[in-house]
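Listed here are the chains, written in short residue letters.
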Amino acid sequence: MVYLISFVIAFLIVYLFYFFTVILQKKKYDKFKKSNQVMYFVNRYKLNVNKINIKKFIHIISLTNSLIIAIAFTATFLVENILLQLLIGLLVLIPLILISCSLIGIYLKKECQ
């Protein structure tokens with residue numbers, strides 16, 4: 001139960017941070033379109049930035065990043081040793097990032113066509 005609560009709290013903190021710093025700041029949408037994360041999806045999956053619904057894309061990215069960080073935080077919370085926490089954090093983060101980016105890319109590619 002403690003792990004579930006820590007997961008939810010971590011998810012909410014990260015998502016609320018994204019919400020207030022990116023989603024609500026409509027002036028930053030153009031800056032977001034030029035960010036490294038968007039350029040990765042554009043170059044990797046040959047997407048057209050103008051066809052992407054940017055607001056929906058920002059929500060998808062923020063939810064995904066919040067989920068990744070919350071899962072990694074909860075996974076590292078399971079062990080006491082700091083070195084094992086670092087190792088588990090890396091072993092959890094890298095596959096989660098790769099899997100989520102590929103799923104988002106496939107989804108966006110289907111949506112843009």
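Rules and cut-offs
Residues numbered from 1 in each chain as written. Predicted model: local features only at pLDDT ≥ 70, side-chain atom pairs only at ≥ 80, totals over all residues. Heavy atoms only, no water. Salt bridge = Lys/Arg side-chain N within 4 Å of Asp/Glu carboxyl O. Helix = DSSP H or I, 4+ residues; strand = E, 2+ residues; numbered from the N terminus. Buried < 20%, exposed > 50% of the residue type's maximum accessible area, 1.4 Å probe, protein only. Core = buried A, V, L, I, M, F, W, Y, C linked by side-chain atoms within 4.5 Å. Contact = heavy atoms within 4.5 Å.

## A look at the pattern of salt bridges
Part 1 of the argument: Scanning the entire structure with this criterion turns up 1 salt bridge.
Part 2 of the argument: Here lysine 56 and glutamate 111 are joined by a salt bridge, their closest N and O atoms 3.1 Å apart. Of this pair, lysine 56 sits in helix α4 (residues 54–76) while glutamate 111 sits in helix α5 (residues 82–112), placing them 55 residues apart in sequence.
Part 3 of the argument: With relative accessibility at 32%, the residue glutamate 111 sits in the partly exposed group.

## A word on the nonpolar core
A general feature of soluble globular proteins is that nonpolar side chains tend to end up buried together.
Part 1 of the argument: Formed by 21 residues in total, the largest nonpolar core has its most connected members in Phe32, Phe41, Leu47, Phe57, Ile58 and Ile104.
Part 2 of the argument: Every element with two or more residues in this core is listed here: α1 (2–23), α2 (29–33), α3 (36–45), α4 and α5.
Part 3 of the argument: Take this core: its biggest share by element is 5 residues, from α4.
Part 4 of the argument: Setting aside residues up to four positions removed in sequence, isoleucine 104 forms contacts with Phe41, Phe57, Ile60, Ile61 and Thr64.

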